[in-house]
Amino acid sequence: KNQVEQSPQSLIILEGKNCTLQCNYTVSPFSNLRWYKQDTGRGPVSLTIMTFSENTKSNGRYTATLDADTKQSSLHITASQLSDSASYICVVKDRPGNTGKLIFGQGTTLQVKP
Amino acid sequence: NAGVMQNPRHLVRRRGQEARLRCSPMKGHSHVYWYRQLPEEGLKFMVYLQKENIIDESGMPKERFSAEFPKEGPSILRIQQVVRGDSAAYFCASSSGDQPQHFGDGTRLSIL
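These numbers come from a predicted model, not from an experiment.

About the criteria used
Residues numbered from 1 in each chain as written. Chains lettered and ligands numbered in written order. Predicted model: local features only at pLDDT ≥ 70, side-chain atom pairs only at ≥ 80, totals over all residues. Heavy atoms only, no water. 1 Å grid on protein atoms, 1.4 Å probe; cavity = no way out; pocket = protein on both sides within 12 Å on 5 of 7 lines; lining within 4 Å. Points joined across faces, edges and corners; volume = space filled by probe spheres on them. Helix = DSSP H or I, 4+ residues; strand = E, 2+ residues; numbered from the N terminus. Nonpolar A, V, L, I, M, F, W, Y, C, P; charged D, E, K, R; others polar. Salt bridge = Lys/Arg side-chain N within 4 Å of Asp/Glu carboxyl O. Buried < 20%, exposed > 50% of the residue type's maximum accessible area, 1.4 Å probe, protein only. Disulfide = S-S within 2.5 Å. Contact = heavy atoms within 4.5 Å. Buried area = accessible area lost by both parts, 1.4 Å probe.

Peer 1: Now, about the layout of surface pockets: what can you tell me, with residues and values included?
Peer 2: Unfilled space is identified by rolling a water-sized probe across the atoms. Looking at the largest pocket, its volume works out to about 1,000 Å³. What lines the largest pocket is a set of 36 residues, among which A:G105, A:Q106, B:E41, B:G42 and B:L43 lie closest to the centre. Counting only elements with at least two residues in the lining of the largest pocket, the list comes to β1 (4–7), β9 (86–93) and β10 (102–104) of chain A together with β5 (43–50) of chain B. In terms of residue class, the lining of the largest pocket is made up of eleven nonpolar, 17 polar and eight charged.

Following this line, the structure appears as C-alpha cells:
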C-alpha cells in the first residue's frame, strides 16, 4: 500500500532554534514530493515541491531535501519563529499530470514557544 | 485575486440529514479536487472533477456521497443521510492544467 510516514508526530522547540522533520514514503510510481504548512483551522499551503532529480530546495527559512534512492525527505526550519507553529505535511504525488494523486502523511505538529 | 473559497466554514447536521459543501475554485482554474481529513489522520483524496465531468472518483464512498462541478457555479460535495462517521474536515483544491493545487480553508462538518 502506498504510504507516507512522518516523524516525529509532534515537536516543541524554543523560538530561534532549528528543527528537522522527517518523511519516509513507499509511494510508487513517484512524480514529486511536496511539503505543506497547515495552520490550525486553515487549508494546507505549499512550501516546496521537488521532483525525482532534485535533492534540495529552499523557501526562505525552510529547506527541504529529497533522497529518491532511500525514499526519504526532510524539512529543515532555521531560526524558528512563533508563527512557524503549525502542522507540516509531507505529500507525494504518484504520477505526473492531473490524474496523479496526492498521498498525504499525517503531519508533524510543531509548537514554537517563546 | 481570491483563493479557493469554501462555504460554509462550519456545518452542523443531525444524523439522517443532507450536507452540501460548496467550493469555488480560483479564477481561471478548471480542475477541482475534494479531500477528507478525519480527526488525527492525513487528508485523503475523494474525487477529481473538471467542468461538468467527474474524472476520478476512486476515493469516494460508494453510497451517500456525490460530487458535481457544473458549467456555471461552484463545485458541490453532497452527503446524503449523514452519519456520525462523516464528521470531518472537507477540503477542496483547484488547479490550472498540471499546476500545483491550491487549497481552500475547508468545511468542518459535525454530525449530532
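Peer 1: Give me the lowdown on the pattern of salt bridges, citing residues and values where you can.
Peer 2: A complete count under the given rule lists ten salt bridges over all chains for this structure. For A:R42, the salt bridge is made with B:D105, and the minimal N-O distance between the two is 2.8 Å. Of this pair, A:R42 sits in the loop between β4 (32–38) and β5 (45–51) while B:D105 sits in the loop between β10 (102–103) and β11 (107–111), which puts the two residues in different chains. For the salt bridge of B:R64 with B:D86, the shortest nitrogen-to-oxygen distance reads 2.7 Å. Of the two residues, B:R64 is situated in the loop between β6 (53–56) and β7 (65–68) and B:D86 in the loop between β8 (75–79) and β9 (88–95); the sequence distance between them amounts to 22 residues. Residue classification places B:R64 among the partly exposed positions, given a relative accessible area of 25%. B:D86 gets classed as buried once you look at its relative accessible area, which sits at 2%.

Peer 1: Tell me about the state of the cysteines, and name the residues and values.
Peer 2: Per the counting criterion, the structure on display carries two disulfides over all chains. A sulfur-sulfur distance of 2.0 Å marks the disulfide that ties A:C23 to A:C90. Where A:C23 bonds to A:C90 through sulfur, the torsion about that S-S bond is close to -70°, and the disulfide is left-handed. Residue A:C23 is located in strand β3 (residues 19–25), and its partner A:C90 is located in strand β9; the two are separated by 67 residues in the primary sequence. Classification of A:C23 as buried rests on a relative accessible area of 0%. According to the relative accessible area criterion, A:C90 is buried, its value standing at 0%. A disulfide bridge connects B:C23 with B:C92, and the sulfur atoms are separated by 1.8 Å. Every disulfide takes its handedness from the sign of the S-S torsion; for B:C23 and B:C92 that torsion is -55°, giving left-handed. Taken together, the residues B:C23 in strand β3 (residues 19–24) and B:C92 in strand β9 connect sequence positions 69 residues apart. Unpaired in terms of disulfides, A:C19 finds its nearest cysteine sulfur in A:C90, a separation of 15 Å.

Peer 1: An account of the environment of B:R84 is needed here, citing residue identities and associated values.
Peer 2: Topologically, B:R84 is positioned in the loop between β8 and β9. Counting along the chain gives 71 residues from B:R84 to B:R13, while the straight-line C-alpha distance between them is 9.5 Å.

Peer 1: Can you explain the interface of chain A and chain B? Please cite residues and give values.
Peer 2: Facing the 17 residues of chain A at the interface are 24 residues of chain B. Of the roughly 1,600 Å² buried between chain A and chain B, counting both surfaces, carbon and sulfur atoms make up 49%. Considering only the side of chain A, the residues that lose the most area to chain B are A:N98, A:K101 and A:F104, jointly responsible for 34% of the buried surface there. Inspection of the region where chain A meets chain B yields two salt bridges.

By themselves, these are just geometric observations and shouldn't be taken as functional.
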